[in-house]
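Structural overview for review
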Amino acid sequence: MGRVRAFRTRYPMLPYHQKSLGRDWTAPWENLQRCCWNRHISSCMRWPGHYSRAPYPYFSSRHFSLNWRPPCLFESRTQFQYWNWRPDNLSQTSLIHLSSYIMNSEGDEPSSKRRKHQGTIKRHWEDVCNHNKEETKILGDKNDDPMCEGSENKFDFSVMSYNILSQDLLEDNSHLYKHCRRPVLHWSFRFPNILKEIKHFDADVLCLQEVQEDHYGTEIRPSLESLGYHCEYKMRTGRKPDGCAICFKHSKFSLLSVNPVEFYRRDVPLLDRDNVGLVLLLQPKIPSAASPAICVANTHLLYNPRRGDIKLTQLAMLLAEISSVAHQKDGSFCPIVMCGDFNSVPGSPLYSFIKEGKLNYEGLAIGKVSGQEQSSRGQRILSIPIWPPNLGISQNCVYEVQQVPKVEKTDSDLTQTQLDKTEVLVTAEKLSSKLQHHFSLSSVYSHYFPDTGIPEVTTCHSRSAITVDYIFYSAEKEGVAGQPGAEVALVGGLKLLARLSLLTEQDLWTVNGLPNENNSSDHLPLLAKFRLEL
C-alpha cells in the first residue's frame with residue numbers, strides 16, 4: 001500500500017486502476033491519453049532502457065497510432081535496451097509502461113527513488129587527450145600539480161562551472177525538493193558541503209551561478225579569498241537576490257578587465273527579464289614566456305522553456321560582449337571559455353547555435369529553442385529579426401557601429417539630445433533569419449555515455465534530470481576559415497586535457513537525487529583541465 005500511495009502522489013493526474021507489473025506500473029493508453037496529453041515525458045512516463053541518440057526524446061499524442069505494444073512487457077529488458085521505437089507502431093489499445101526508474105545498460109534491476117540517506121557519488125577524471133598512463137595518473141590526483149607553470153611553451157589550468165542553488169530559490173521552489181530530508185536543505189548544512197567540493201577539486205577558475213548576494217558577502221567571498229581566489233560578482237537586476245561570480249587563483253592569473261552584462265533593457269520590451277552575465281579577461285602568469293590573455297564568461301540564461309526568443313537574445317548579448325572583450329589588436333580573438341547554466345538541452349537549436357556557429361531560425365517555434373519542451377502547439381514562431389535594431393547587436397552577434405546623423409556644421413558641438421537620437425545602422429542582413437557568431441566553440445562534455453548512449457545529466461530534482469550546464473571552449477579545428485562566422489582566426493586554441501565524469505539519472509537516484517547528504521546543490525559541478533599552447 002505504501003507504494004500505491006507514493007505512486008498516486010507522484011502522478012496525481014493518473015486514474016487509480018493501474019495494474020502492477022513487478023515494481024513498475026502499466027495503464028491502458030486511453031487513460032493516459034486523457035490524463036497525460038502533451039505532458040513532458042519526464043513528468044509522467046519513464047521508458048526504461050530506451051535512450052535514443054537523438055537528444056532527450058519526448059513523446060506526445062502525435063506519436064501514437066496503430067497496433068503497438070511495448071516489447072518491455074513481453075521481451076527481455078536486454079533486448080528492449082536496443083529496440084528502436086517507431087511512431088507508426090503505437091495503438092490506443094496498448095498498455096503504456098510507466099516507471100519511476102531508469103534502467104542501466106546491463107539490464108539490472110531498476111533503482112528506486114525512495115529516500116536513501118547513505119552513499120556517495122563516484123566521479124572520476126576522464127583523460128581526453130592521448131597521454132600516457134603516467135600523465136593520466138597525475139591528472140587524476142588533485143594533490144599533484146600538472147599546471148606546468150615553469151614551462152616555456154604551454155600553460156595548463158582548470159575551470160569549474162557550478163550552479164550552487166540559491167537558498168532563496170530553493171525555498172521558493174520547495175516542490176522540487178520533496179524527495180529530500182529537510183536538514184540537508186538548510187544553508188548551514190549546504191554551504192560547508194559546497195565549500196568542501198570547491199576545496200577538493202581546487203580549480204584555478206570558478207564560474208558560479210545562483211550565488212545569493214547576502215551569502216556571497218558574508219560567507220562565500222571570504223571563504224574563497226582565504227583559499228587564494230580573487231572574486232568578481234554580478235547580481236541579477238531588479239529584486240532578484242542572486243547572481244553570477246567568477247573567481248580565479250591569484251597564483252595563476254592577473255585581472256585585465258571586468259565586464260558585467262545585464263540582459264534587462266528598459267528600452268527593449270523583449271528584454272524584461274533580470275538575468276545577467278559576467279565576462280573577465282585574465283592574463284596567465286608565465287614569467288618566462290609571452291601568453292595571450294584568456295577570456296572567461298559566465299551566465300545563467302532565462303529558465304522559461306517557452307521564451308526561446310529571450311534566451312537567444314540573451315545569448316547574443318553575451319556573445320557580443322565576449323567578442324568585444326576577446327578581440328585583439330591584430331583582429332584575432334584570444335582563447336575563450338564560456339560557462340554557465342544555459343537552460344537548454346544538448347541538441348537543441350540554442351545548443352547547436354553555440355557549437356556550430358550558425359542557426360537558421362525561420363519557422364522555429366518559440367518553445368523549441370531550448371529543447372526543454374517538445375510540443376509547440378499554440379506557440380508562435382520566432383519573429384524575423386528576433387530582437388529590434390535599437391539593441392545594437394547584429395545577426396553576427398557583435399556590437400554594431402553607431403552612426404551619428406548628418407547635421408549642418410554650427411558653431412556649437414552636437415547637443416546631448418542629438419547624440420541620444422543616434423541611430424543604429426540597419427542593413428539588409430538584419431532581415432535575415434540566420435544567426436552567426438565568430439567563435440569555434442566545443443563542449444567539454446559529450447552528453448552521452450559512448451558505450452550505452454545513456455544521457456549524462458547535470459541537474460536532478462523531483463521534476464527532471466537533464467543536462468543544462470556546460471563548459472564551452474575555443475578550440476582550433478581543421479578548416480576553421482571555411483566555417484560560417486569563423487572569418488576571424490583564433491590565437492592558440494585551447495586543448496582539452498581531462499574532464500570530471502558526469503553521471504546518469506539512475507546513478508543520482510541511488511543517493512536520493514540532488515541535493516543529498518554529500519552533494520548540496522541540485523546541479524553537479526562541471527570541471528575541465530585545459531592546455532594553452534604558447
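An unreviewed UniProt entry lists the protein under the name Protein angel homolog 2 isoform X2, with Balaenoptera musculus as the source organism.

Concerning the pairing of strand 7 (residues 229-235)
Burial within strand 7 is extensive, with five of its seven residues counted as buried. Across seven bridges, the pairing between strand 7 and strand 8 (residues 242-249) is antiparallel. Bridge pairing in strand 8 places methionine 235 opposite glycine 243. Between strand 7 and the antiparallel strand that follows it, strand 8, lie six residues; glycine 238 among them carries a positive phi value of about 70 degrees.

Looking at the confidence of the model for the protein
With 65% of its residues at a pLDDT of 70 or more, the protein has an overall mean of 77. Considering only residues more than four positions removed or in separate chains, one finds that residues 1-112, a stretch of pLDDT under 50, has 209 contacts. Contacts for the low-pLDDT stretch residues 131-150, under 50 throughout, to residues beyond four places or in other chains number 30 contacts.

Describing the pattern of salt bridges
Note on pairing: side chains with opposite charge can pair once their charged atoms come close. Within this structure, the stated rule accounts for 13 salt bridges. A salt bridge links arginine 265 to aspartate 267; its shortest N-O distance comes to 3.1 Å.

Concerning the packing of aromatic side chains
Across all of its chains, the model carries 13 aromatic pairs by this definition. Judged by centre distance (5.6 Å) and plane angle (35 degrees), the rings of phenylalanine 157 and phenylalanine 530 are tilted. With a gap of 373 residues between them, phenylalanine 157 in strand 5 (residues 154-163) and phenylalanine 530 in strand 22 (residues 526-533) connect regions that are remote in the sequence. Taken individually, phenylalanine 157 and phenylalanine 530 each receive the classification buried, so the pair is uniform in this respect. Relative to phenylalanine 191, the ring of tryptophan 187 lies with its centre 5.3 Å away and its plane at 25 degrees, an arrangement referred to as stacked. Of this pair, tryptophan 187 and phenylalanine 191 both sit in helix 7 (residues 187-201), four residues apart, which is roughly one turn of the helix. Exposure class is identical for tryptophan 187 and phenylalanine 191. Each is buried. An aromatic cluster of three or more residues is present, and its members are Phe155, Phe157, Phe253, Tyr473 and Phe530. The ring of tryptophan 125 carries lysine 529 above its face, with NZ or CZ at 4.3 Å from the centroid.

What counts and what doesn't
Residues numbered from 1 in each chain as written. Predicted model: local features only at pLDDT ≥ 70, side-chain atom pairs only at ≥ 80, totals over all residues. Heavy atoms only, no water. Buried < 20%, exposed > 50% of the residue type's maximum accessible area, 1.4 Å probe, protein only. Helix = DSSP H or I, 4+ residues; strand = E, 2+ residues; numbered from the N terminus. Pairing = 2+ DSSP bridges. pLDDT = per-residue confidence, 0-100. Contact = heavy atoms within 4.5 Å. Salt bridge = Lys/Arg side-chain N within 4 Å of Asp/Glu carboxyl O. Phe/Tyr/Trp six-rings, centres within 6.5 Å; stacked < 30°, edge-to-face > 60°. Lys NZ or Arg CZ within 6 Å of the ring centre and 35° of its normal.

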